[in-house]
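Per-entry structural report
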Amino acid sequence: MAFDIDQYTETSEGVGWDDLDFDAFKTHPLPEQTLRSLRYMCDVEYHTVCYLRDLLVTPSHKERDVSAFMTMWNREEFWHGEALAAVLGMHGITVDFDQLKATRLKLGWRDKIAPLKQAIAGNLIGDDFVAVHMSWGAANEWSAVAAYRRLAKLEDHPALSPLLKRIAQQETRHVAFYASQARERLAKSKVAQKLTRLALSKAWGPVGSSISSDDDVKHVMGHLFGSEEGVKEVARIDANIAKLPGMEGLTIVGDSLRKRGVVAA
Amino acid sequence: MTQLGDADAPDRQHDDASLVPAAEFTVREFARTAAGSHRDSLDLAAYEREPLDGATLELVDFLARLERSTMAQLRSVLVTPTHKDARITAFLVTWAYEKYWIADALEAVLSAHPGYAPAESRGPGRLTALRRSLADRFEPIRESVVANLIGEDVVAVHTTTGVVDEWTTRAAFEALRDGSANTEFRAMLERLLGVKERHGAFFAAQTRDRLRRSPKAAKLTRKRLARQHWPLGAIDEDPQLAARFFDALLPDATIAAIDARVEAYPGLAGLGLLRRAKSGQPAITRAAEALGRTAADVRNRIR
């Protein structure tokens, strides 16, 4: 299914929460473990601009549709960060730009060489490497949709659940872009398939695992996907990934949770 | 709307080193009030009655491409320590969004002139094209190494580059507006200038604070700016077209005024950036640029 970039850009908007009754957080405050998961998700959303960096070093940014998508996608994710920060703010947790900067500074040398690695791979391998990014992005966005929907259901909160459903709805459009790009690029090149399969099976980790502590990753993944219903959701994400050309049989999300002991091996 | 504690306007005292640059510019407010598509406010039928001439359309086309080149600019910014500054990246997210729609409005004007076809671009020569393609591939590799060695000072280079580019394109929009009798075209440019206003304000305030507090940053900025192509994005354009852009929209008095504003910043006196850009540089100078830039960075690092 082709992705209609004009339709997407024309209807792209920052997620709104004006009409939601945030006072509900005063009468029904969220439990500690949910706030911890929301904080994690908030950081991930704000961090999108750093993922954008990895995408931009490949030749794909010169393609008109890709750069239009990146512009809108990046802004939508920023607003997801703002929305979650507003929820956290109702619980006395302030997320400000200085803290985000401090988090990024803590990433240290790994973060410094990341763009170097990406730039070398992206520019020396060329177009085939773009397929890796697109498939990786699809896996991440599928995970994000599932995570938001899971939390909306787990909490069943009058203000939080509708907000998370709105965010998940926007993420489904990101899925559509990444998956259609990935499918098209993988279908064209066996080399791209091999590279992507290698990258996903060897290097993929849960969204946010590259910027968060192992404890936080385990907490969030356990919170959202540790139950029987969560495990089924993870299997659905893996089934989607496995449908991409050349990715048959991959179970990267399930594997990453089993490796962390979040779900039974 | 539930207001966030406006965390980007600090209310505490800072010593000089921890001073938040451009503290008077509220990034969250900017993001909240971003300008999206201008299509609804355009009266494209006005161009059927009163079409723009070919030379003007060519300049509109050129400006649309410059406004569209945000991802290429973000690429060179995000591989450096500038990406750590969450206030700047939050600004850039919205800046790119607004510029996308500025370019879209300009493209709508072009599409309202079905007879318009861009002049056959001579494009860069084959050798130049090869050099640029190689440079394009290696630039992020080079930059991710060098800029990370330099550290925080490189942020000032990016904000100064941003303000110079903003002043330059702003002057071009104004000249287009002043030179046209088409009221719809003038009104659109006026609206787009209103959107661009805050881009200039952010970069200018950032630059002022960063250059003021760090002479090392000012020195680095001076060296890097001198080696930059203006306006940003022009490096990918036909040099003849870039020359026509300067001739048509940036008369010497405008150039002198912008250069004077740039040179009022600490450490940037006597740069003559746009004057040099307009008069053009010999090819040999350009060929030495990449090498020179790296050498300057390394020297700056060693000092």
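Residues numbered from 1 in each chain as written. Chains lettered and ligands numbered in written order. Predicted model: local features only at pLDDT ≥ 70, side-chain atom pairs only at ≥ 80, totals over all residues.

So, on to the overall build of chain A. Scanning chain A from terminus to terminus reveals 13 helices and zero strands. Along chain A, from the amino end to the carboxyl end, the secondary structure elements read α-α-α-α-α-α-α-α-α-α-α-α-α. The C-alpha radius of gyration computed for chain A amounts to 18 Å, which stays within 12% of the reference 18 Å derived for 265 residues, consistent with globular compactness. With the C-alpha coordinates aligned to their principal axes, the bounding extent of chain A is approximately 55 × 45 × 40 Å. In chain A, which comprises 265 residues, the share counted as buried stands at 48%. (Helix = DSSP H or I, 4+ residues; strand = E, 2+ residues; numbered from the N terminus. Rg over C-alpha atoms; globule rule 2.2 N^0.38 Å. Buried ≥ 20, exposed ≤ 12 C-beta atoms within 10 Å, placed from the backbone.)

In terms of regular secondary structure, chain B is built from 14 helices and zero strands. Helices (α) and strands (β) of chain B occur, in sequence order from the N terminus, as α-α-α-α-α-α-α-α-α-α-α-α-α-α. Sorting the 303 residues of chain B into buried and exposed places 42% on the buried side. Restricting the contact set of chain B to residue pairs at least 6 apart, pairs at least 24 apart contribute 82%. (Contact = placed C-beta atoms within 7 Å.)

Moving on to the environment of B:Pro81. Residue and element names in this part refer to chain B. Along the chain, the position of Pro81 falls in the loop between helix 4 (70-78) and helix 5 (86-111). What makes Pro81 buried here is the crowd of 21 C-beta atoms within 10 Å. Sequence spacing of Pro81 and Val154 is 73 residues, and the spatial spacing of their C-alpha atoms is 7.3 Å.

With that settled, the discussion passes to unusual backbone geometry. For the peptide bond that leads from B:Trp230 to B:Pro231, omega is -15 degrees, which places it in the cis range. Locating B:Pro231 in the fold gives a position in the loop between helix 9 (215-226) and helix 10 (239-249). Backbone geometry places A:Asp156, a non-glycine residue, at a positive phi of 45 degrees. By the element assignment, A:Asp156 lies in the loop between helix 8 (127-155) and helix 9 (160-188). Backbone geometry at B:Ala22 places phi at a positive 55 degrees, although glycine is not the residue there. By the element assignment, B:Ala22 lies in the segment before helix 1 (27-32).

Core analysis: the largest hydrophobic core is formed by 149 residues, its most contacted members being A:Leu52, A:Ala83, A:Leu163, A:Ala182, A:Ile241, B:Leu74 and B:Ala90. For this core, the element with the highest residue contribution is helix 5 of chain B, accounting for 16 residues. Dropping the residues within four chain positions of it, A:Ile241 is found in contact with A:Ala139, A:Trp142, A:Met247, A:Leu250 and A:Ile252. (Core = buried A, V, L, I, M, F, W, Y, C linked by C-beta atoms within 7 Å.)

Residue and element names in this part refer to chain A. Packing of helix 5 (residues 64-89) against helix 9 brings their axes to within 11 Å, and their N-to-C directions diverge by 165 degrees. Looking at the two axes, helix 5 sits roughly antiparallel to helix 9. Crossing of helix 5 against helix 9: the hand is left-handed. When helix 5 is examined against helix 9, the residues Phe69, Trp73, Glu76, His80, Ala83 and Val87 are found in contact with a partner set consisting of Leu160, Leu163, Ile167, Gln170, His174 and Phe177. (Axes fitted to C-alpha atoms, helices over the stretch in contact; angles between N-to-C directions. Parallel < 35°, antiparallel > 145°, perpendicular 65-115°, else oblique. Left-handed = near helix turned anticlockwise from the far one by under 90°.)

This part takes up the confidence of the model for chain B. Residue and element names in this part refer to chain B. Per-residue pLDDT for chain B has a mean of 84; in total, 77% of the residues score no lower than 70. Note that pLDDT drops below 50 for residues 1-15; the model gives that stretch 29 contacts with residues more than four away or on any other chain. Per-residue pLDDT stays below 50 along residues 282-287; that stretch engages in one contact with residues further than four places along the chain or on separate chains. (pLDDT = per-residue confidence, 0-100.)

Moving on: the packing of helix 6 (residues 97-106) of chain A against helix 5 of chain B. Packed helices, taken two at a time, are described by the angle their axes make and the gap between the axes. The geometry of helix 6 of chain A relative to helix 5 of chain B is characterised by a closest axis approach of 8 Å and an angle of 110 degrees between their N-to-C directions. Of the possible angle classes, the one that applies to helix 6 of chain A and helix 5 of chain B is roughly perpendicular. For the pair formed by helix 6 of chain A and helix 5 of chain B, the contact residues are A:Phe97, A:Leu100, A:Lys101 and A:Arg104 on the first element and B:Ala86, B:Arg87 and B:Ala90 on the second. Broken down by class, the residue content of the contact of helix 6 of chain A with helix 5 of chain B amounts to four nonpolar, no polar and three charged. (Nonpolar A, V, L, I, M, F, W, Y, C, P; charged D, E, K, R; others polar.)

Within helix 4 of chain B, seven of the nine residues are buried, leaving the element largely enclosed by the surrounding structure. B:Thr70, B:Met71, B:Gln73, B:Leu74, B:Arg75, B:Val77 and B:Leu78 are the residues of helix 4 of chain B that are buried.

All names here are of chain A. Among all positions in helix 13 (residues 252-259), only Ile252, Val253 and Leu257 are buried. The buried residues of helix 13 occupy an angular sector of 135 degrees when projected down its axis, which confines them to one face. Along its buried surface, helix 13 packs onto helix 8, helix 10 (190-203), helix 11 (214-225) and helix 12 (228-242). Looking one or two places after helix 13, you find Gly261, whose phi comes out positive at around 70 degrees. (Arc of directions from axis to C-beta.)

Quick look at the environment of A:Phe25 now. All names here are of chain A. As for its position among the elements, Phe25 is in helix 2 (residues 24-27). The class of Phe25 is buried, set by 21 C-beta atoms lying within 10 Å. Sequence-wise, Phe25 and His91 are 66 residues apart; in three dimensions their C-alpha atoms are separated by 7.6 Å. Here Phe25 is in contact with Leu30, Val87, Met90, His91 and Ala159, once residues within four sequence places are set aside.

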